[in-house]
Amino acid sequence: MSSSNNSPARRRGNDRILTIDWSLLWRRARNRAGQLFTSLRHRMGRTEYIPPVWMQRFRLTWFRVGLMCLAAFVFTQKQVDFTVSVGKEGFAAGQPMGRHMAARQEGSSPRATNTMSLMPGLGGSTSSPSESWSVNKLDERAVRGYISRFERVAQGEEKKFSIPAPAKMALGILLSNAGQSPAAKKDNNHFGLSAGARYFDNAWMNWRAHSEYVQQNFPELANESVNYQQWLAALAKTNYSTDRELVSKLTDIIERYQLDRL
C-alpha cells in the first residue's frame, strides 16, 4: 500500500545549504566605502572651485558673504550701542596730554555768571540751584564705566559736530548720573531730550540727537570749539539751561576725571 505521508520526497544529490559569512561581508563593504571616500577626496583636491557667476560679478567670496550677513544681523538689533571700549576704565596718569588738556591753564576754568532760560528740549534735565550737588557724590565706578563706554563716541561727535569731547562727556555724566538715571536706563535718554522723542532705541542715537540739537539751536558754539574751556564759556552765555552752576559742575567733572585727556 502507498504511504499516507503527502510530503514530497527529498531529492537526492541536489540539496544545497546557503551559508552567509556576515563578518566577511561587512569587511568588504567597509573596504569598498573607504575606497570610494578616498577617491572622492582625491578628486575634490584636484578640482578647482569655480564660484557662481553672480559671486564672480560682484567679486564676492563666501567669507565676505558671511561678513555681510553678520553685519546685517548686528544692525537689525535694537539694543546695540555703537561704541568701542578699549583699555582699562578711566585714564592713567602717564597718558600723553590731549588737545584739551594742553590748552588748560591755571585759573582759566569758566564759571557761569548770567541767568539762563529753560529750553524746551532740556526741561528738567539739570539740577536746580537749591539742590546741593558735589562731584564727589557721583558713583566712582559708574563714572569710570561710563567714560570707558562712550569715550570713542564723544570723540566721534567732536569731529562731526565740533562739540569738545570733554564737555560732551561731562554733560552725559551729569545729566544721566553716569547712565544710572531712570531715563537713561529705561529710555536710553542720557541728555534729557524731550522735544520730538523721549525714548531712543539705543544710547548712541540719543548722543547723536543731542549733538544735532546743539548744532541746530546753538550754531554759534561751533566757532568756540578750540578747547573745552572756550566752548563752556560760550555755553554759559546761551539759554541752554536754567542751572546757573551748570558750567561749574561740568568743569568739576572734567577736572575730577581728567576728561581733558580725551
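Residues numbered from 1 in each chain as written. Predicted model: local features only at pLDDT ≥ 70, side-chain atom pairs only at ≥ 80, totals over all residues. Heavy atoms only, no water.

Quick look at the overall build of the protein chain
How we decide: Secondary structure elements are defined from DSSP: runs of H or I of at least 4 residues count as helices, runs of E of at least 2 residues count as strands, and each element is numbered from the N terminus. Under the scheme applied here, a residue whose accessible area is under 20% of the maximum for its type counts as buried, over 50% as exposed, and between as partly exposed, the area being computed with a 1.4 Å probe on protein chains only. The criterion used for residue contact is that any of the two residues' heavy atoms lie within 4.5 Å. Values of accessible area rely on a 1.4 Å probe in the Shrake-Rupley scheme; residue burial ignores everything except the protein chains shown.
Secondary structure summary: the protein chain contains 10 helices and 0 strands in total. Out of the 262 residues belonging to the protein chain, those deemed buried represent 35%. The long-range share in the protein chain, meaning contacts at least 24 apart out of those at least 6 apart in sequence, stands at 72%. For the protein chain, the computed accessible surface area is about 17600 Å², with 53% contributed by carbon and sulfur atoms.

Some words on helix H9 (residues 228-236)
Quick note on the threshold: By the criterion applied in these results, polar contacts are pairs of N or O atoms within 3.5 Å in which, for protein atoms, one can donate a hydrogen and the other can accept it, and in which residues neighboring in sequence qualify only through two side-chain atoms.
Among the 9 residues in H9, 7 count as buried, and that is most of the element. Of the residues flanking the start of H9, the one acting as N-cap is Asn 227, its side-chain oxygen 3.2 Å from the backbone nitrogen of Gln 229.

Some words on the packing of aromatic side chains
Counted only if it meets this: Aromatic contacts are taken between Phe, Tyr and Trp rings whose centres are within 6.5 Å, Trp giving its six-membered ring; a plane angle under 30 degrees counts as stacked, one over 60 as edge-to-face, and the others as tilted.
Enumeration according to the criterion identifies 6 aromatic pairs in this entry. Here the aromatic rings of Tyr 146 and Trp 207 are separated by 6.4 Å at their centres, their planes lie at 35 degrees, and the arrangement is tilted. Within this pair, whereas Tyr 146 is found in helix H5 (residues 140-161), its partner Trp 207 is found in helix H8 (residues 203-217), the two being separated by 61 residues in sequence. Their ring planes at 85 degrees and their centres at 5.3 Å tell us that Phe 191 and Trp 207 sit as a pair that is edge-to-face.

Section: the pattern of salt bridges
Applied cut-off: Basic side-chain nitrogens of Lys or Arg form a salt bridge, by our definition, when they fall within 4 Å of a carboxyl oxygen of Asp or Glu.
Evaluated as defined, the whole model comprises 4 salt bridges. In this structure, Glu 140 engages Arg 256 in a salt bridge whose closest nitrogen and oxygen atoms are separated by 2.8 Å. Here Glu 140, found in helix H5, pairs with Arg 256, found in helix H10 (residues 246-256); they are 116 residues apart in sequence, far enough to count as distant. For Arg 256, a relative accessible area of 34% translates into the label partly exposed. Between Glu 157 and Arg 208 there is a salt bridge; the shortest N-O distance is 2.8 Å.

A few points about the confidence of the model for the protein chain
Applicable threshold: Here pLDDT means the predictor's own confidence in every residue, given as a number from 0 to 100.
Averaged over all residues, the pLDDT of the protein chain is 76; the fraction at 70 or higher stands at 64%. Residue range residues 105-121 is modelled with pLDDT below 50. Its contacts to residues more than four positions away, or to other chains, number 46 contacts. Per-residue pLDDT stays below 50 along residues 123-130; that stretch engages in 12 contacts with residues further than four places along the chain or on separate chains.

A few points about the nonpolar core
What tends to happen in soluble globular proteins is that the nonpolar side chains get buried as a cluster. Spelled out, the test is: By nonpolar core is meant a set of buried Ala, Val, Leu, Ile, Met, Phe, Trp, Tyr and Cys residues that side-chain atoms within 4.5 Å join together.
Counting residues in hydrophobic clusters, the biggest one holds 44 residues, and the most contacted among them are Met 169, Ile 173, Trp 231, Leu 232, Tyr 240, Ile 253 and Leu 259. Residue assignment for this core shows that the elements contributing at least two residues are H5, helix H6 (165-176), H8, H9 and H10. If sequence neighbours within four positions are ignored, Met 169 has contacts with Tyr 146, Ile 147, Phe 150, Glu 151, Ala 154, Trp 207, Leu 259 and Leu 262.

Here's the deal with unusual backbone geometry
The backbone phi angle of Asn 188 is positive, close to 55 degrees, even though this residue is not glycine. When its relative accessible area of 10% is taken as the criterion, Asn 188 is described as buried. Its identity is not glycine, yet Gln 258 carries a phi of approximately 50 degrees, on the positive side. Along the chain, Gln 258 falls in the segment after H10.

Examining the packing of H6 against H9
What counts, and what does not: The axes used here are C-alpha line fits, helices contributing only the stretch in contact, and every angle between their N-to-C directions lies in the interval 0 to 180 degrees. Roughly parallel covers angles under 35 degrees, roughly antiparallel covers those over 145, roughly perpendicular covers 65 to 115, and oblique covers all other angles. Gly falls in the polar group here, along with every residue not listed as nonpolar (Ala, Val, Leu, Ile, Met, Phe, Trp, Tyr, Cys, Pro) or charged (Asp, Glu, Lys, Arg).
At a minimum axis separation of 8 Å, H6 and H9 run at an interaxial angle of 55 degrees. One element, H6, and the other, H9, form an angle in the oblique class. Along the contact surface, H6 presents Pro 166, Ala 167 and Leu 171, while H9 presents Tyr 228, Trp 231 and Leu 232. Here the contact of H6 with H9 is composed, by residue class, of 6 nonpolar, no polar and no charged.

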